[in-house]
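Breakdown of the fold
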Amino acid sequence: MFVNLLLIPVLLPLAVGLFTFILPKKDRWFRAILTLVTSIVAFASAIWIYIEKSLELRFSLLAIGNFTLSFDLAPTPLSSFILIFATGFGLLISLYSLGYITGRNRVREYYAFFLFALGGSSGVLLADHFLVFLIFWEVVTVSLYFLVTVGGAESKAGASKTFAMLGGGDGCLLLGIGIVWFLNGSFTISNLNIPFGGVLPVIAFILMMIGAITKAGSMPFHSWIPAASEAAPASVMALLPASLDKLLGIYLLIMLTTRIFVLTSGLGLLLMIIGAVTILAAVMMAMVQHDLPKLLSYHAVSQVGYMLLGIGTMNPIGIAGGLFHMLNNSIYKNCLFLCAGAVERKTGTNDLSELGGLVKVMPITFIACLVSALAISGVPPFNGFVSKWLVYQGVLETGMKASFIFLVAAMFGSALTLASFIKVIYSVFLGTRTQKTAKVKKDVGFGMALPMIVLALLSLGFGIYYRFPLNFFVYPGAGVQAVIPGIWNSTWATGLIILGLAVGFIIYLLGKYRKSARVVDPFIGGEKLEQETGRVIGTHFYDTIKEMPVLKGTYTAQGKGHLDPYTWIGGLGLGITGFLKRIHNGLLSWYLSWSLLGILILIVLFTLLK
Amino acid sequence: MEIAWYIFAFIVFPGFVFTSIVGLLSSWVDRKVTARVQWRVGPPLLQPFYDFVKLLGKETLIPSSGARLLFLAAPIFGFVAVTLVSTILWLANLAQVSFVGDLIVVVYLLVVPSLAIMIGGMASGNPLASIGASREMKLILAYELPFLICLATVILKSNSSISLVAIAENHVFNSVSGVVAGVVVLFCVQAKLGFTPFDVAEAETEIMSGPFIEYSGVSLGVFKLTQAMMLFTLPVFLITVFLGGIHLVGWGILWAILKYVAILVLIIVIKNTNPRVRIDQAVKFFWFYLTPIAVAAFVLAVLGRIFAVPWL
C-alpha cells in the first residue's frame, strides 16, 4: 500500500478542508459533496482500521535529549471503536448539512472547519504521542470556535466563551502533560504507567482530568456548552459538543484512569461526586429553559455525569457502563440536536413558547425526537436504559455506603430528564399550532431526515441488541471481559412488549372503534378553543418547581451567573487587568520606578538563589 | 418450549388475564369500601367488568385538535408496561425467576403508565388535558425522590442486592428503618395511583379529569383497565419489596391475601378521608416532609449496618 491506512482519516479531512477553504465562494454544491465523500472515505477507513487491529505508524521528527517529537499513530481497541463512531457521526452530519446549512452565510468556513474538526478528532484518537495528541486536540478546539461563529453576529459571545473555557482546559492539559513528561521522561502514551506516589502524579492527574472534563462538558466547567448553543447552528452542536467532544473527553478520561495512571479510590470518589452533582444540577437547569438548543445543551452536560459516575467506580461494570453511556449519549443527543435543527429550519424559531402542534406536519422528526427523548430518559427498552443500568450496577458494586446517594441522584436525574423532555415533546410537537408553526406544510427533506432516522434506529437497536455493541466495542475498549452477571433479557422483554401492543390492538378491535371513530372539537367546558389564547404554553410547566423554597434562590443566583466559574475567573481577570491599567498612567517617572523595583527584586532573588 | 412458557406467563398467568381480573376485582373493593364510607350500598361484584365491556361498545371520539395515532396508541403503552411489571413481580415471587437489576427495571417501568397518561393527554390538544399532564409530571418528580431513597434503604437492608428474589427473602419490614421507609412508599404508591389526596392530575371537579377529558370508548376503557391493574400491581410491589414477598403454599396463601387486602384497604381509607391537595402542596409534602423522613430511615439503616443492629 502506498499510503498508510492510519493517515487517511487524519490527513484526508485536513487536506480536503484546506482545499475547500481556498475554493472560490460560489461553488456551493461541490463543496458539500466533497465533504460528504471525504466523510464516507474517513468512515470506511475507520472501519478498516478497526478490522485490521494491529497497525502502527511511527515517524520521528525531532529528538533533543529526552525531548522527542514523533508523529506516532497507533490505534488501540478503545480508540479504533470510538473512531468508527466519530467518523460515522461526521458522515451523518455532513449528509444533514446538505439540507440544513445550504443557503446560509459563511458556508465556506463551515465545511472547512467541519473537516478540520473531523480530522483533528481522528488525530486525537489515533495519536500515540502526547504532543501530537495535544496538537490535534487544539485543532478540534479552534475548529469549534470557528464553527460556532458561523451562527452569525449573536454567536460571538458564545464562541469566545467556548474558546476561553476550552482553552483554559487545554492549558491545564498541557501542564499535566508536562508533569507526566517530567515524571516519566516519555511522551509515548502506550509506554506510560504512573503509580501514585507523592504529590506530582496527583496534580498531573487532576490537571489532565480538568482538560478532559472541560472537553466533555462536565460541571463545573460546563457553561460553554449552553453559551455556544445560543446561536451556533444545530448541526455544529450535534457534531461537536454532543458527539465528538464527548467522545474525546471521555476517551482521554478513560485513558487517564485505566492506562496512564494507577488510580486511588479517593480520586475515583472525586469523579463520582462531580458526576452526581453534574447530573442533578444540570438537569435542574435544563428543566426551566425556554430555548430548545439551550435546553438540549444542559442535557448534554447532565449526561456526562453518568459517564463520570461510571468511570469513577473503577470497577469493570462501571467503566463499561460509562463508556457505553458515552456512546449512547452521543447517538441520541446528536439526534435531538438534529431534530432541533429541523424544527428551526422549518419554523425559523427555537423558542419553545412559540412552537407547538408540529406532530401532524413533521411526523418523522417527531418520532425521531420521541425515541431519542425516551432513550435519554432511560425508558426501557431503549439504549439509555442499558448503559444507565450498567452504571447503577457499577455504583453498587463499589460497596461504599455513599454509593446509595449516587444511586438515588442518578435515578432521580432520570426522572428529571424525563420531565424536561415531556416539556419539549409537548411544546414543540403536541399542543395547538401557533402562528409560527401554522405555516409549516411538510417535513424536512430526505437528506435531513435520514440521519435522524438512522440515529433513532441505532438508539432502539442498541437498546434491544445491546450485546452487540457491548461485545464488539465496549468490552474490548474498556479492556474487560464480559463480566456483567445476569443482564436483563432485552430481546425477550421487547418481544413481550410487542405482544402486549398486539393485545392492546386486539382490545381495540374488540371494541366499536373500527366502525365509528368520530372527530369532534375538543371539550373545554362548552367554550370554543381559540388557537392563541386557549393555548397552554409548555414553558410554564415547571413554574411550581421553580418557586419551591431553596430552589428559587438557586435559580436566581444561577440566572445572574453567580455559580459559573467563567464569571469568577473572568472577574478575577478583569480585576488584574484593571489593576494593570491603573499602573499604566503614562508617567515616565512611574515606569522608571517600576523598572527599578523589578531590577532590585531580581538582584535579591539571584543573590538568594546563589 | 421456553417461548410458549413466556407467552403463557405474559398473557394468561400471571400477566394480562390474571392481573386484569384481580385488578378489576380490586377496583370493586375500592368502590364498595368507598360506598360504605359514604353510607351507600355500593355496586355488585361484577360491576367493573360490566363497565369495561360497556366502554368497549361505546363510540370513540377523537378531538380535532389532536394527534390521532398518538392519542389512540398512548393507552396501550401504559397497559403493556403494567402487564410486564406484573409478570416480572409474580415470576419473581412464585417461580423465583429473577435477574440482577430487575428492581430497577420495575421502577422504570412503573413510570410508564403515568408517561402514557401524559402523552395521551398532551396528544389530545386540549388545554385542560395539558394542565393535567404537567401536574402529573410534577407529581412524578415529587414522589420519585422519597421513593428512590426508600428503595436505597431496601437495597442496603438486602446486602446491596438489586434482584427482587433476594430482596423478597429479606423481611425489610422487621426493622425500624424498614417500617418508616414502607410507610413513606405507601404515600408514594397513593400518588402513583392518582388517588386522593394526590389526584391533582385528574381533579374531576376542577379540570374535568385532565388528561382523560377527551378519551371515550375503547381508549378510555384501556386506561381504566390499566388503572385497575395498577391497583393490583403496586400493592404486590410493596409486599414483594417490604413484606417478604408472596408464597402461595399452605398458610402462605391466606397470609398473602391478608397482606394484599390490608394494603388495599389502607390505600382506600386514605383516599376517602382526605381532601385533594394543590400541586405545589403535593410537591412540598413529598420534598420537604417525606424526603427528610426517608433520609432518616436510610441513616438508621446505615447505622444499623455499621453497629450490626439488625432491628434498626
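What counts and how
- Residues numbered from 1 in each chain as written.
- Chains lettered and ligands numbered in written order.
- Predicted model: local features only at pLDDT ≥ 70, side-chain atom pairs only at ≥ 80, totals over all residues.
- Helix = DSSP H or I, 4+ residues; strand = E, 2+ residues; numbered from the N terminus.
- Rg over C-alpha atoms; globule rule 2.2 N^0.38 Å.
- Buried ≥ 20, exposed ≤ 12 C-beta atoms within 10 Å, placed from the backbone.
- Contact = placed C-beta atoms within 7 Å.
- Nonpolar A, V, L, I, M, F, W, Y, C, P; charged D, E, K, R; others polar.
- Pairing = 2+ DSSP bridges.
- Axes fitted to C-alpha atoms, helices over the stretch in contact; angles between N-to-C directions.
- Parallel < 35°, antiparallel > 145°, perpendicular 65-115°, else oblique.
- Left-handed = near helix turned anticlockwise from the far one by under 90°.
- Expected span 1.5 Å × (residues − 1).
- Core = buried A, V, L, I, M, F, W, Y, C linked by C-beta atoms within 7 Å.
- Domains from an automatic or database assignment.

From N to C terminus, chain B includes 13 helices and one strand. Starting at the N terminus and walking to the C terminus, you meet the elements of chain B as α-α-α-β-α-α-α-α-α-α-α-α-α-α. A globule of 312 residues ought to have a C-alpha radius of gyration of about 20 Å, and chain B, at 19 Å, matches this closely.

Turning next to the overall build of chain A. Counting its secondary structure elements, chain A contains 23 helices and three strands. Relative to the 2.2 N^0.38 estimate, which gives 25 Å for 610 residues, the radius of gyration of chain A is 26 Å and therefore close to what a compact globule would have. C-alpha atoms of chain A, sized along the principal axes, occupy 100 × 60 × 60 Å. The buried share among the 610 residues of chain A stands at 53%.

What follows covers the environment of Arg518 of chain A. Within the fold, Arg518 of chain A resides in strand β3 (residues 517-520). With near-sequence residues (within four places) excluded, Arg518 of chain A lies in contact with Glu59 and Leu61 of chain B.

As a further point, take the interface of chain B and chain A. Between chain B and chain A, the residue contacts involve 66 residues of the former and 62 residues of the latter. Among the elements that make up the side of chain B that touches chain A, the one with the highest residue count is helix α7 (residues 127-157) of chain B (16 residues). Classifying every residue of the side of chain B that touches chain A by side-chain character gives 45 nonpolar, 14 polar and seven charged. Both β3 of chain A and strand β1 (residues 60-63) of chain B contribute to a ladder of four bridges, which runs parallel. Looking at the pairing, Val519 of chain A lines up with Ile62 of chain B of β1 of chain B.

Here we come to the packing of helix α9 (residues 176-192) of chain B against helix α11 (residues 217-242) of chain B. Residue and element names in this part refer to chain B. Axis separation between α9 and α11 bottoms out at 11 Å; the angle between their running directions is 165 degrees. If you check the angle between α9 and α11, you find them roughly antiparallel. Viewed along their axes, α9 and α11 form a crossing whose handedness is right-handed. Between α9 and α11, the residues in contact are Gly178, Gly182, Val185, Leu186, Val189 and Lys192 and Leu234, Leu238 and Phe242, respectively. Split into classes, the residues belonging to the contact of α9 with α11 amount to six nonpolar, two polar and one charged.

Once that is clear, we can look at helix α13 (residues 363-376) of chain A. Since there are 3.6 residues in each turn of an α-helix, residues three or four apart along the chain are aligned in direction. All names here are of chain A. An ideal rise of 1.5 Å per residue puts 20 Å on 14 residues; α13 measures up with 20 Å between its terminal C-alpha atoms. Among all positions in α13, only Thr365, Phe366, Ala368, Cys369, Val371, Ser372, Ala373, Leu374, Ala375 and Ile376 are buried. Buried residues along α13 sit in contact with α11 (292-312), α12 (316-347), α14 (383-397), α15 (403-429) and α17 (446-464). Once α13 ends, the next one or two residues include Gly378, with phi positive near 75 degrees.

So, about the nonpolar core. Residue and element names in this part refer to chain A. One finds Ala117, Leu147 and Ala410 to be the most contacted residues of the largest nonpolar core, which totals 312 residues. Three or more residues apiece are contributed to this core by two domains, here domain 1 (1-252) and domain 2 (264-482 + 490-503). Setting aside residues up to four positions removed in sequence, Ala117 forms contacts with Val140, Ser143, Leu144, Leu147, Leu239, Leu240 and Leu244.

Turning our attention to the domain arrangement of chain A. In terms of domains, chain A is made up of domain 1 (1-252), domain 2 (264-482 + 490-503) and domain 3 (565-609). Put simply, the middle of domain 2 of chain A and the middle of domain 3 of chain A, counted by C-alpha atoms, are 50 Å apart.

Take the environment of Tyr50 of chain A next. All names here are of chain A. Mapping Tyr50 onto the fold places it in helix α2 (residues 28-52). A tally of 19 C-beta atoms within 10 Å means that Tyr50 is categorised as partly exposed. Spatially, the C-alpha atom of Tyr50 lies 22 Å from that of Leu240, the residues being 190 residues apart in sequence. In contact with Tyr50, not counting residues within four places along its chain, are Ser80, Phe81 and Ile84.

Residues and elements named next belong to chain A. Pairing of strand β1 (residues 57-64) with strand β2 (residues 67-73), which is carried by seven bridges, proceeds in the antiparallel orientation. Looking across to β2, one finds that Leu57 is bridged to Leu73. Connecting the antiparallel pair β1 and β2 is a turn made up of two residues, with Gly65 showing a positive phi of about 60 degrees.

Residue and element names in this part refer to chain B. Their axes nearest at 7 Å, the elements helix α2 (residues 16-37) and α11 cross at an angle of 85 degrees. Classified by the angle between their axes, α2 and α11 sit roughly perpendicular to one another. Of α11, the residues touching α2 (which contributes Thr19, Ser20, Val22, Gly23, Leu24, Ser26, Ser27 and Asp30) are Leu225, Ala228, Met229, Leu231, Phe232 and Thr233. Here the residues of the contact of α2 with α11 are counted per class, giving seven nonpolar, six polar and one charged.

Met219 of chain A connects to Pro220 of chain A through a cis peptide bond whose omega is 0 degrees. Along the chain, Pro220 of chain A turns up in the loop between α7 (200-216) and α8 (224-229). Going from Thr196 of chain B to Pro197 of chain B, the amide bond is cis rather than trans, its omega being 5 degrees. Its place among the elements puts Pro197 of chain B in the loop between α9 and α10 (204-207). Phi is positive for Met314 of chain A, close to 60 degrees, though the residue is something other than glycine. Tracing the backbone through its elements, the reader meets Met314 of chain A in the loop between α11 and α12. The exposure class of Met314 of chain A is buried, given the 21 C-beta atoms found within 10 Å.

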